[in-house]
Every structure is written in structure tokens, then in C-alpha cells.
Amino acid sequence: AQSGAGLFNINRMLFEGPTFVGDGEAWGLRADLFASADWTGDAVEEIHPGLSWFWGDATPIPGSAARPFSARWQGRLIAPNSGSLRLYAQTWGTLTLALDGSTAIEVLSEGSSPAEASRLLRVTEGQVLDLDVAYSDAVGDAGLILSWEGTNLVRQTIQMSDTRLPVVSGTLTEEDGLPSENGLVAAFPNPFQHSLNVRVACEAGTPVETFLVDVLG
């Protein structure tokens, strides 16, 4: 986003809570991130637009040690066309991908270069595939990329419009109040490489509006 006075770099916008709301048509994947190598401990819950990530030697979990960490993504894939469909998983780490409850891909990278594996499917256009991806990394670079190719489809990363959230229900919880304008200025003495968490209570399906203000001029 750009204003007349400066440039804003939005790396990601997250909604998190005990559960997420999915109406059967909401795009994205539910992500559970753990500061452990085996999906144990408290999870940071996020909604991700897809699975195309490279963290390098960093971590996707704010405030935690860089290694180890693990993650799990759940949702649904919508087949774009009828015919053959090859699903590729590229990873810097350990990855297991399940479709409709059965393991479809397992791949491990132990070095600095990614490893890749794939699975060939026969699908019909609009077919729904339940997706469950488990990822873990304890050392070295971290990242994973999920892509596909098939009938009338060149190889490409899976887009957010090809995904759907799991069907669950719930509400976000309130932990802190909204910051005042002075609070925003205090939180951002230098806006670069900073983040601000705002937590409010809202009912499922409530519209959320976000405004950016250039407080430094």
C-alpha cells in the first residue's frame, strides 16, 4: 500500500482464535504452528492463502526460537479441471501430505536443497479433496511449496481460490483493548520490521475493516 507520504509494507494480516469459521466456501487453509518438532504444545492458529513458503533460517512463529518448529495445514482443494492432476510437494524439511484421510506424499530434505515428491490423481472438475499437510523442521532452511499440473493446467502453485477452509464454527476471543492513536505511535517509533497485534471479540462472520495511517509523515 502506498500513500502520498510514504510506503507501507504489509507482510501478512492474520486472524487467530480458538477456532475459525468456515461456511463451506471460505478460501484459504487453516494453519496450526508449533514451537516444537512434533506438533505438541500450544498452537498459533492462522489462516493461510496457500502453501508456498520459504522462511530460510527464520521461523513463522513470532517470539519463539527459530528451531525447531512444526506446522499443520488443513482444508480442502478444489480440482480445477477433469482428467489427470499431478500434485507436487517441495520441501526444506519433513513433509507428509494426506488426501481424503490417506497419505499421498511423504518427502524429506536433509540438506540445504529442497526435496520433491509427487502424486498422480484422476479427478473431475470441482471435485473436493480433503487436505492435511504436516511439516516439521529442526535445522537448516525451512520452507515448502505445493503445486500442481494436469489436463489443461500448466504447473503452478496452488492459488488461494483453489482452497477452502475446514467447516468449523466458533468466535474470536478478546484479550486486549483496541489501541488509541497515541498507542499506535508509541508502538511504532520505527515502522520497519515491527508488528502490532490487535485482539477484539467479534461474532462469526463479522466484517472487519482495516485502516492504515501514516503516523510519521
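Data block above holds the structure.
Residues numbered from 1 in each chain as written. Predicted model: local features only at pLDDT ≥ 70, side-chain atom pairs only at ≥ 80, totals over all residues. Heavy atoms only, no water.

## Details of the pattern of salt bridges
1) Next: Scanning all chains against the criterion turns up 5 salt bridges.
2) Next: Of the charged contacts in the structure, one is a salt bridge between arginine 30 and aspartate 32, with a shortest N-O distance of 3.2 Å.
3) Next: The buried category is assigned to arginine 30, whose relative accessible area is 16%.
4) Next: Residue aspartate 137 is joined to arginine 67 by a salt bridge in which the shortest nitrogen-to-oxygen separation is 2.6 Å. Within this pair, whereas aspartate 137 is found in strand S9 (residues 128–137), its partner arginine 67 is found in the loop between strand S3 (52–56) and strand S4 (69–78), the two being separated by 70 residues in sequence.
5) Next: Taking the relative accessible area as the measure of exposure, aspartate 137 reaches 5% and is therefore buried.
6) Next: Through salt bridges with shared partners, one network takes in Arg30, Asp32 and Glu45. (Salt bridge = Lys/Arg side-chain N within 4 Å of Asp/Glu carboxyl O. Buried < 20%, exposed > 50% of the residue type's maximum accessible area, 1.4 Å probe, protein only. Helix = DSSP H or I, 4+ residues; strand = E, 2+ residues; numbered from the N terminus.)

## Brief notes about the pairing of strand S1 (residues 29–34)
1) Next: Burial of S1 is extensive: 6 of the 6 residues sit out of reach of the surface.
2) Next: Sheet topology note: the S1/strand S2 (residues 43–48) ladder contains 6 bridges and is antiparallel. Each residue of the ladder has a partner; that of leucine 33, found in S2, is valine 44.
3) Next: Where S1 and S4 come together, 5 bridges link them in antiparallel fashion. If you follow aspartate 32 over to S4, its bridge partner there is arginine 72. (Pairing = 2+ DSSP bridges.)

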